[in-house]
Amino acid sequence: MKGFAMLGVNKAGWIEKEKPVAGPIDAIVKPLAVSPCTSDIHTVFEGALGERHNMILGHEAVGEVVEVGSEVKDFKPGDKVVVPAVTPDWRSMEVQAGYPQHSNGMLAGWKFSNFKDGVFADYFHVNDADMNLALLPDEIPVQNAVMISDMMTTGFHGAELADIQLGSSVAVIGIGAVGLMSVAGARMRGAGRIIGVGTRPACVEAAKFYGATDIVNYKKGDIAEQILDMTNGKGVDRVIIAGGKGEVLAQAVKMVKPGGTVSNVNYHGSGDYLPIPRIEWGCGMAHKTIKGGLCPGGRLRMEMLIDLVRYNRVDLSKLVTHVYHGFEHIDEALMLMKDKPKDLIKPVVIVD
Ligand code: NAD
Ligand code: ZN
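Values in this document were obtained by computation on a predicted structure and should not be read as measured data.

Caption draft 1: Up close: the pattern of salt bridges. For the structure shown, the criterion picks out twelve salt bridges. Of the charged contacts in the structure, one is a salt bridge between Asp117 and Lys17, with a shortest N-O distance of 2.9 Å. Residue Asp117 is found in the loop between helix 2 (93-96) and strand 7 (124-126), and its partner Lys17 is found in the loop between strand 2 (11-16) and strand 3 (27-34); the two are separated by 100 residues along the sequence. Note on Asp117: relative accessible area 25%, which makes it partly exposed. The closest approach of N and O atoms between Asp214 and Arg193, which form a salt bridge, is 3.0 Å.

Structural data, given as structure tokens:
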């Protein structure tokens, strides 16, 4: 089979590989729609995970089941499914501890395009199919549904980690697809003022659509200063980080109120340390909480997010700005994600 792979740091291209084989509880799926993630860019072009050779990229997919193992009960060939970016090993101690994302090791629930071949292939392997796949209802178009796998679960997780209360003021740093879903999640959890930090016109427009009440341009000065100015020097209750380099963590700590929470879902792809400003962190005594997390995966999470889309709580169509038809366009879509033209939020490749 063919796949689009990381050949090494800074190198990506098409390769041939053996079709994967399903174990007794696994499934083999062929993609119907896929989307490249900014994380694929960190992985290939920043070498953020270290060297990976001939590893097929991609972890956002909607697909059709083509084969299931002998023990799989709830899925059969022909089923249309949403495949989460994170597919935990559900029989692991970390699951019992409440962190399936880290089943069998830190970040090890994230398998596609990290520890094993991803979804940019003619076929891909899904571990524990009954626990990791979710049926896709016919009324959700595949190009929107593929936003559930990662963008929606990650952005919403940003809002969950931030523990937003009714009326909380929230700043969302970075309003690419993930940050936009954080804006939507913050609104659904009852945030009051939602300040989106970003510049690209398509993203700014979408941020307003999803619930941003204010926009801050990070190219027009320090964002902590801008947000402190807008809030009479007080700052915001919650900050969600969904874009930018390491310094955004320092800015987030500066702009969050004492007692507030900084929630990071950004993938910090380079550097050995992230900065925490000592004074604004109250010399360690400000009760400012910093959390960071990998997106939840698995079947139940996908089913719950699918319901939010199916019952019109969230309109994912605003995230998808570029649609390609044909598997061979995956490399173009990935390069778009790297170059980030002004009118881009997310590209989707429909495999027809
Ligand atoms: P994106 O690149 O589309 O969006 C990030 C945006 O942040 C960009 O528009 C960029 O211009 C903007 N930005 C850059 N510097 C900034 C600054 N100083 N202040 C504010 N904004 C700034 O990426 P995305 O797809 O929305 O993903 C966001 C991040 O989340 C990426 O790092 C991605 O790798 C990561 N991610 C994490 C998970 C997870 O499980 N935690 C899952 C998916 C993606
Ligand atoms: Zn991703």
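Caption draft 2: Fine view of the site of ligand 1. The environment of ligand 1 is made up of 26 residues, and the closest members are Ser39, Arg200, Asn266, Cys295 and Lys340. A distance of 2.8 Å separates an oxygen atom of ligand 1 from a polar atom in the side chain of Arg200. Take Gly293: an N or O atom from its main chain is 3.1 Å from a nitrogen atom of ligand 1. Burial of ligand 1 by the protein chains amounts to 87% of its free accessible area of 850 Å².

Caption draft 3: Structural view of the pairing of strand 16 (residues 346-350). In terms of residue burial, strand 16 counts as a mostly covered element, since five of its five residues are buried. Sheet topology note: the strand 3/strand 16 ladder contains two bridges and is antiparallel. In the strand pairing of strand 16, Ala33 is matched with Ile350. Considered for its hand, the β-α-β crossover made up of strand 15 (residues 320-325), helix 11 (residues 330-339) and strand 16 is right-handed.

Caption draft 4: Region of the structure containing the coordination of the zinc ion (ligand 2). Every protein donor of the zinc ion (ligand 2) is accounted for by Cys37 (SG), His59 (NE2) and Asp150 (OD), and the metal-donor separations fall at 1.8 to 2.3 Å. Each donor residue of the zinc ion (ligand 2) lies on the same chain, and together they follow the pattern C-x21-H-x90-D. Note that His59 is positioned in the loop between strand 4 (55-56) and strand 5 (61-68) and Asp150 in helix 5 (residues 148-161), a separation of 91 residues in sequence. For the pair His59 and Asp150, one class covers both residues: buried.

Caption draft 5: Main features of helix 8 (residues 223-230). Considered for burial, the residues of helix 8 that qualify are Ile223, Ala224 and Ile227. An end-on view of helix 8 places all buried positions within 100 degrees of arc, on one side of the element. Exposed residues lying more than 90 degrees from the buried face of helix 8 are Glu225 and Asp229. In the core, the buried residues of helix 8 are packed alongside strand 9 (170-173), strand 10 (194-197), strand 11 (214-216), strand 12 (236-241) and helix 9 (247-255). Sitting at the amino-terminal end of helix 8 is Asp222, which places a side-chain oxygen 2.9 Å from the backbone nitrogen of Ala224.

Caption draft 6: Up close: the pairing of strand 3. Most of strand 3 is tucked away, with seven of its eight residues classed as buried. Pairing geometry for strand 3 and strand 5, over seven bridges, is antiparallel. If you follow Ala27 over to strand 5, its bridge partner there is Val68. When strand 3 meets strand 7, the two strands line up antiparallel, connected through three bridges. Across the sheet, the residue bridging to Ala27 is Val126, located in strand 7.

Caption draft 7: Region of the structure containing the sheet that holds strand 11. What the six strands build is an open sheet, ordered 11-10-9-12-13-14; its pairing is parallel. Each having just a single partner strand, strand 11 and strand 14 (289-292) make up the two edges of the open sheet. Neighbour to neighbour, the strand axes of the sheet diverge by 20 degrees on average, direction disregarded. Here helix 8 sits on the sheet in contact with strand 9, strand 10, strand 11 and strand 12, set at roughly 150 degrees to strand 11. Sitting on the sheet, helix 9 touches strand 9, strand 12, strand 13 (256-264) and strand 14, and the angle it makes with strand 13 is about 150 degrees.

Caption draft 8: Representation of the side chain of Asp128 in the model. Mapped onto the fold, Asp128 is located in the loop between strand 7 and helix 3 (129-132). For the buried Asp128, no salt bridge is present, and the opposite-charge side chain at shortest range is Arg91, 7.4 Å distant. The residues contacting Asp128, other than those within four sequence positions of it, are Ile25, Asp26 and Trp90.

Caption draft 9: Expanded view of the confidence of the model for the chain. Per-residue confidence for the chain gives a mean pLDDT of 97, with 100% of residues at or over 70. Least confident of the elements in the chain is helix 1 (residues 38-45), whose mean pLDDT is 93; most confident is strand 9, at 99.

Caption draft 10: Quick look at the sheet that holds strand 2. Here we have three strands laid out as an open sheet, ordered 2-1-4, and antiparallel in their pairing. For this open sheet the edge positions go to strand 2 and strand 4, each flanked by a neighbour on one side alone. One ladder, built from two bridges, connects strand 1 (residues 2-8) with strand 4; its direction is antiparallel. Within strand 4, the residue paired with Met6 across the bridge is Met55. Strands in contact with helix 1 are strand 1, strand 2 and strand 4; relative to strand 1, the strand with the most contacts, it is inclined by about 45 degrees.

Rules used in this analysis
- Residues numbered from 1 in each chain as written.
- Chains lettered and ligands numbered in written order.
- Predicted model: local features only at pLDDT ≥ 70, side-chain atom pairs only at ≥ 80, totals over all residues.
- Heavy atoms only, no water.
- Salt bridge = Lys/Arg side-chain N within 4 Å of Asp/Glu carboxyl O.
- Helix = DSSP H or I, 4+ residues; strand = E, 2+ residues; numbered from the N terminus.
- Buried < 20%, exposed > 50% of the residue type's maximum accessible area, 1.4 Å probe, protein only.
- Near = heavy atom within 4 Å.
- Polar contact = N/O pair within 3.5 Å; in protein donor to acceptor, adjacent residues only side chain to side chain.
- Areas by Shrake-Rupley, 256 points an atom, 1.4 Å probe, with all protein chains shown as cover.
- Pairing = 2+ DSSP bridges.
- Right-handed = clockwise from strand over helix to strand, strands pointing away.
- Donors = N, O, S within 2.8 Å, 3.2 Å for Na, K, Ca; no water.
- Arc of directions from axis to C-beta.
- Contact = heavy atoms within 4.5 Å.
- Axes fitted to C-alpha atoms, helices over the stretch in contact; angles between N-to-C directions.
- Lys, Arg positive; Asp, Glu negative; His and termini not counted.
- pLDDT = per-residue confidence, 0-100.

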